Amino acid sequence: MRAVVVGAGVTGLAAAVDLVDAGVEVTLVDAAPQAGGKIRTEHVDGFLVEHGPDSFVSYRPAAAALASRFGLGNDIISVTEPRIVYLRRDGEMVAMPEGMGLVLPTRLGPFVRTRLFTWPQKLHAGLDVLLPRYLGPEDMAIGQFLRHRLGPAIIERLADPLIGGIYGTSIEELSLDAVLPMLRAYEDESRSLILASLKAGRKAPKGAGSPFRTLRGGLGDLIDALMAHLRAEAGYVERLGVAAVSLTTDDAGRSHLRLASGEVLVADAVVLATPSPTTAAMVEGERPAAAVALRAIPHASTAVVSLGYRAEAFPTPPVGHGFLDAGTGRTPRSPSSGCTVTSGKWAGRAPDRTVLIRSFLPERSRALHQRPDNEVYAAVERDIAETFGAGESPILRRIARWDGLMPKYTVGHKDRLATIDAALADRPRWQLAGASYRGVGLPDCVTSGQAAAAAVLAQLGG
Ligand SMILES: Cc1cc2nc3c(=O)[nH]c(=O)nc-3n(C[C@H](O)[C@H](O)[C@H](O)COP(=O)(O)OP(=O)(O)OC[C@H]3O[C@@H](n4cnc5c(N)ncnc54)[C@H](O)[C@@H]3O)c2cc1C
């Protein structure tokens with residue numbers, strides 16, 4: 001039995017290792033010359049630069065379990081404690097109140113005491129305790145829902161920076177049911193989001209620490225370990241640096257994947273672990289309805305700028321793990337949605353007496369992404385000089401542009417997934433997986449790749 005896995009990001013690799021371990025011969029195809037997709041770790045001059053993701057959460061165990069399975073269990077490290085994240089509001093840094101769940105307080109005291117909100121804003125949020133249920137059966141933008149229940153300040157100063165930051169776009173368009181289904185469950189069960197969150201906080205284990213984990217040598221080590229495992233298998237073949245173009249089925253039910261080089265790979269099953277617009281182009285010939293729904297999943301652009309400084313560049317070294325931009329009354333707004341002080345967040349990311357900072361330029365700064373590197377660096381350096389007082393130029397500059405590659409689960413996302421599933425129901429040997437569908441975080445991507453492999457194995461076994 002032979003399967004083709006298209007896309008050598010973490011999703012495709014998670015699928016590929018499960019398939020080879022089950023005795024299936026695997027051909028791995030990726031348009032890029034190297035594996036890893038958005039996971040790209042660079043070691044330069046003693047700095048460890050993550051161009052894409054820098055961590056995974058421990059409460060969804062699939063990523064940590066995969067790393068452990070491939071010998072990296074002892075390399076999983078936690079963030080440097082204490083975890084202090086700031087919200088930057090009108091240039092002023094306010095520490096994130098302790099005990100915040102993603103957008104709701106799990107402890108009342110820190111929320112009541114925080115300077116992030118004024119008293120009228122806190123009282124407005126408190127009205128949530130009295131309001132009747134708001135949701136009907138239809139999906140809704142997270143922004144609309146939270147604004148109704150908690151007031152606009154929570155959106156602007158907390159929810160949008162936090163959730164919008166993960167998706168590189170605003171919560172005014174993100175789907176409640178696809179991104180934060182927990183909020184619907186809270187309203188269903190408790191009516192008040194705040195009461196439900198406080199209840200969940202009372203049940204949570206005490207002193208659990210931050211859920212964020214990474215690998216001591218960078219996330220690229222996971223990709224290297226998975227690739228080493230695949231390359232040691234006799235039935236494994238790879239085509240890196242060549243794009244897949246289209247997928248068709250022959251009368252015997254075998255799949256034919258055409259590559260941009262003209263080569264056609266014939267297989268019993270195919271896992272498509274590519275971003276949905278690319279997947280759309282591949283299935284369009286045989287399943288145009290699936291292609292329409294796949295293209296309807298929008299993808300945002302983001303850019304990550306990493307800057308390394310001598311510690312002496314700062315009057316006082318930046319403290320904490322970084323900040324999220326929580327809006328401003330001033331114009332123009334900073335181009336960055338936030339910065340991670342990587343050298344403060346993780347051990348071993350920067351040489352002694354240096355500071356490594358990662359700045360995120362979200363979708364709203366798209367015009368800037370497209371400018372030449374030196375202009376982007378100048379804009380980010382200005383922002384860091386204003387925020388942290390950097391008085392020198394950086395000694396390391398790197399940029400990664402992720403153009404049209406950040407999936408946005410906008411309102412109606414789950415309906416689009418149902419349309420895709422229905423349109424491909426008679427193609428069970430084509431399995432779609434990856435960040436475009438049911439979770440953008442690394443653990444969700446791993447789970448999605450593994451589920452695709454399991455579905456393929458069930459089909460081949462049958
Ligand atoms: C800047 C940034 C920061 C992030 N931070 C975090 C974080 O800290 N924690 C976290 O959990 N998640 C984070 N994410 C999200 C996470 O990185 C991604 O969701 C995840 O890596 C996606 O994996 P994937 O395998 O599904 O897709 P990708 O990694 O995008 O892989 C898809 C692969 O398909 C290939 N491909 C595309 N077209 C074709 C074609 N026609 N033929 C063949 N191959 C093709 C691509 O080259 C690519 O290798 C971040 C994402 C970004 C961009």
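So, a few notes on the structure that sits alongside this text. Because the structure is predicted, anything quoted here is derived from the model rather than measured.

1. Notes on the pairing of strand 11 (residues 244-249)
Note that strand 11 and strand 12 (residues 255-259) share 5 bridges and pair antiparallel. Of the residues in strand 12, the one forming a bridge with Thr249 is Ser255. Linking two consecutive strands that pair antiparallel, namely strand 11 and strand 12, is a turn of 5 residues; a positive phi of about 85° is found at Gly253 within it.

2. Section: the side chain of Ser436
When you line up the elements, Ser436 lands in the loop between strand 20 (430-432) and helix 17 (442-461). Polar contacts involving the side chain of Ser436 include one to the main-chain amide nitrogen of Ser276, which spans 3.0 Å. Side-chain polar atoms of Ser436 contact the side chain of His299, separated by 3.1 Å. Leaving out residues up to four positions away in the same chain, Ser436 has contacts with Pro275, Ser276, Ile297, His299, Pro407, Tyr409 and His413.

3. Here's the deal with the sheet that holds strand 14 (residues 269-272)
Read across the sheet, 5 strands follow the order 10-2-1-14-20 without closing on themselves; strand pairing throughout is parallel. The open sheet terminates on both sides in strands that have one partner only, identified here as strand 10 (237-240) and strand 20. On average, each strand axis in the sheet is inclined to that of its neighbour by 15°, with strand direction left out of account. When strand 14 meets strand 20, the two strands line up parallel, connected through 3 bridges. Within the sheet, the bridge partner assigned to Val270 lies in strand 20 and is Trp430. Those strands touched by helix 11 (residues 276-283) are strand 1 (2-6), strand 14 and strand 20, and its axis lies near 150° from that of strand 14.

4. Side note on the packing of aromatic side chains
Within a pair of aromatic rings, the relevant descriptors are the distance that separates the centres and the angle that separates the planes. Throughout the structure, instances matching the rule amount to 5 aromatic pairs. On the basis of an interplanar angle of 50° and a centroid distance of 5.7 Å, the ring pair of Phe111 and Phe117 is categorised as tilted. The ring of Trp119 carries Lys122 above its face, with NZ or CZ at 4.6 Å from the centroid. Looking at Arg427, its charged tip hangs above the ring of Trp430, at a distance of 5.5 Å from the centre.

5. Details of the pattern of salt bridges
One pass over the full model with this rule turns up 33 salt bridges. Arg89 serves as the salt-bridge partner of Glu156, at 2.8 Å between the closest nitrogen and oxygen. Placement of Glu156 in helix 6 (residues 152-167) and of Arg89 in strand 7 (residues 85-89) is noted, with a sequence separation of 67 residues between them. Classification of Glu156 as partly exposed rests on a relative accessible area of 40%. Residues Arg254 and Asp268 are paired through a salt bridge, measuring 3.3 Å at the closest nitrogen-oxygen approach. One end of the pair, Arg254, is in the loop between strand 11 and strand 12; the other, Asp268, is in the loop between strand 13 (264-267) and strand 14, with 14 residues separating them in the sequence. Arg254 sits in the partly exposed class, given a relative accessible area of 31%. Relative accessible area serves as the criterion here: at 11%, Asp268 is assigned to the buried category.

6. So, the site of the ligand
The ligand sits among 29 residues. The nearest are Thr11, Asp30, Ser55, Val440 and Leu442. Within the side chain of Thr11, an N or O atom sits 2.7 Å from an oxygen atom of the ligand. The contact in question runs from a nitrogen atom of the ligand to an N or O atom on the backbone of Ser55, over 2.7 Å. The fraction of the free accessible surface of the ligand (1000 Å²) that becomes covered by protein chains is 86%. Among the secondary structure elements, those contributing two or more residues to the shell around the ligand are helix 1 (10-21), strand 19 (396-407) and helix 17. For the shell around the ligand, the domains that each give at least three residues are domain 1 (2-35 + 221-298 + 409-461) and domain 3 (299-407).

7. Some thoughts on the packing of helix 5 (residues 142-150) against helix 6
Packing of helix 5 against helix 6 leaves a shortest axis separation of 9 Å and a crossing angle of 145°. Crossing of helix 5 against helix 6: the hand is right-handed. Contact with helix 5, carried on its side by Ile142, Gly143, Leu146, Arg147 and Leu150, involves Pro152, Ile154, Ile155, Ala159 and Ile163 of helix 6 and no other residues of that element. Of the residues contributing to the contact of helix 5 with helix 6, the split by class is 8 nonpolar, 1 polar and 1 charged.

Cut-offs and rules
Residues numbered from 1 in each chain as written. Predicted model: local features only at pLDDT ≥ 70, side-chain atom pairs only at ≥ 80, totals over all residues. Heavy atoms only, no water. Pairing = 2+ DSSP bridges. Helix = DSSP H or I, 4+ residues; strand = E, 2+ residues; numbered from the N terminus. Polar contact = N/O pair within 3.5 Å; in protein donor to acceptor, adjacent residues only side chain to side chain. Contact = heavy atoms within 4.5 Å. Axes fitted to C-alpha atoms, helices over the stretch in contact; angles between N-to-C directions. Phe/Tyr/Trp six-rings, centres within 6.5 Å; stacked < 30°, edge-to-face > 60°. Lys NZ or Arg CZ within 6 Å of the ring centre and 35° of its normal. Salt bridge = Lys/Arg side-chain N within 4 Å of Asp/Glu carboxyl O. Buried < 20%, exposed > 50% of the residue type's maximum accessible area, 1.4 Å probe, protein only. Near = heavy atom within 4 Å. Areas by Shrake-Rupley, 256 points an atom, 1.4 Å probe, with all protein chains shown as cover. Domains from an automatic or database assignment. Left-handed = near helix turned anticlockwise from the far one by under 90°. Nonpolar A, V, L, I, M, F, W, Y, C, P; charged D, E, K, R; others polar.

Interpretation note: all reported values are geometric properties and have no functional meaning in isolation.
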